[in-house]
Amino acid sequence: MTADITARELEEAGAVLAAESARFASFGWMRGTSGNLSVVVSRDPLRLAVTASGHDKGELTPADVVLVDGQGAAVQGGKPSAEAELHARVAALTGANAVVHVHTVASVALGHRSPGGIVFKDLEMLKGIGQPAHDVEVTLPVIANSQDMKVLGDRLEAAREPRMPAVVVAGHGLYVWGDDPRQARHHTEIVEWLLELELTRR
């Protein structure tokens, strides 16, 4: 089967990703050209619009997006992020339709300090990721980094906690996902808040 994504559909996806990127960049979570975002535009076959590589994430335009396949290879547009393959893996594995990758200080710091995962409990903000605020422990997985996206994807799949729509890549940053870009944004902001609180506590 083929996914016929029109130039207009890709540009519309690019506009959404540009707006989300500008928001995260304003928080200092996508400094310089770091970080990347994606949104699923087709499921059968899997196709994602991914932010283009090497662009300032606070200055993206709707044209700064690349269409990639289920292996993260470019189908239409320029050069995708080197991590497009991992975005596609997350979308296929979790059923998410949007993936966010940001480089935050809290995620990198706590990834080093808690290689076995970061546990949260008895916090009202857990409701923001669909979990009870009390009497439940939820672990944010931490996985070792790799420049090989297949290796990194295997580690993410092995460590994934279904109740937590996120994973920390040690020494690298945070991957978060959701049903759509808005939910992925909310999940990212909630998880980052939890990480910042934990870092402050320590």
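Parameters and conventions
Residues numbered from 1 in each chain as written. Predicted model: local features only at pLDDT ≥ 70, side-chain atom pairs only at ≥ 80, totals over all residues. Heavy atoms only, no water. Helix = DSSP H or I, 4+ residues; strand = E, 2+ residues; numbered from the N terminus. Buried < 20%, exposed > 50% of the residue type's maximum accessible area, 1.4 Å probe, protein only. Contact = heavy atoms within 4.5 Å. Lys, Arg positive; Asp, Glu negative; His and termini not counted. Charge placed at Lys NZ, Arg CZ, Asp CG, Glu CD. Expected span 1.5 Å × (residues − 1). Polar contact = N/O pair within 3.5 Å; in protein donor to acceptor, adjacent residues only side chain to side chain. Axes fitted to C-alpha atoms, helices over the stretch in contact; angles between N-to-C directions. Parallel < 35°, antiparallel > 145°, perpendicular 65-115°, else oblique. Left-handed = near helix turned anticlockwise from the far one by under 90°. Nonpolar A, V, L, I, M, F, W, Y, C, P; charged D, E, K, R; others polar.

Draft legend 1. Region of interest: the overall build of the protein. A tally of helices and strands in the protein yields 5 helices and 10 strands. The buried share of the protein, taken over its 202 residues, is 51%. Nonlocal contacts in the protein, meaning residues at least 24 apart in sequence, comprise 61% of its contacts between residues at least 6 apart. Of the charged side chains in the protein, 19 are positive and 26 negative; the average position of the first set lies 4 Å away from that of the second.

Draft legend 2. Representation of the environment of L37 in the model. Structurally, L37 is set in strand β1 (residues 36-43). The contacts of L37, once residues within four sequence positions are left out, are L17, E20, S21, F24, M30, A49, V50, T51, H87, V99, V100 and H101.

Draft legend 3. Region of the structure containing helix α5 (residues 181-201). Look at α5: 30 Å from first C-alpha to last across 21 residues, which is about the 30 Å you get at 1.5 Å a residue. By the burial criterion, the buried members of α5 are P181, A184, R185, H187, T188, I190, V191, E192, L194, L195 and E198. The N-cap residue of α5 is D180: its side-chain oxygen and the backbone nitrogen of R182 are 3.2 Å apart.

Draft legend 4. Just the side chain of H87, in detail. Tracing the sequence through the fold places H87 in helix α2 (residues 84-94). In this structure H87 touches N36, L37, S38, L48, V99, H101 and Y175, once residues within four positions along its chain are discounted.

Draft legend 5. A look at the packing of helix α1 (residues 7-26) against α5. Where α1 meets α5, the closest approach of the two axes is 11 Å, and the angle between their N-to-C directions is 15 degrees. Considering their axes alone, α1 and α5 lie roughly parallel with respect to each other. The handedness of the crossing between α1 and α5 is right-handed. Together, V16, E20, R23 and F24 of α1 and P181, R185, T188 and E189 of α5 make up the contact between the two elements. When grouped by side-chain class, the residues that make up the contact of α1 with α5 number 3 nonpolar, 1 polar and 4 charged.

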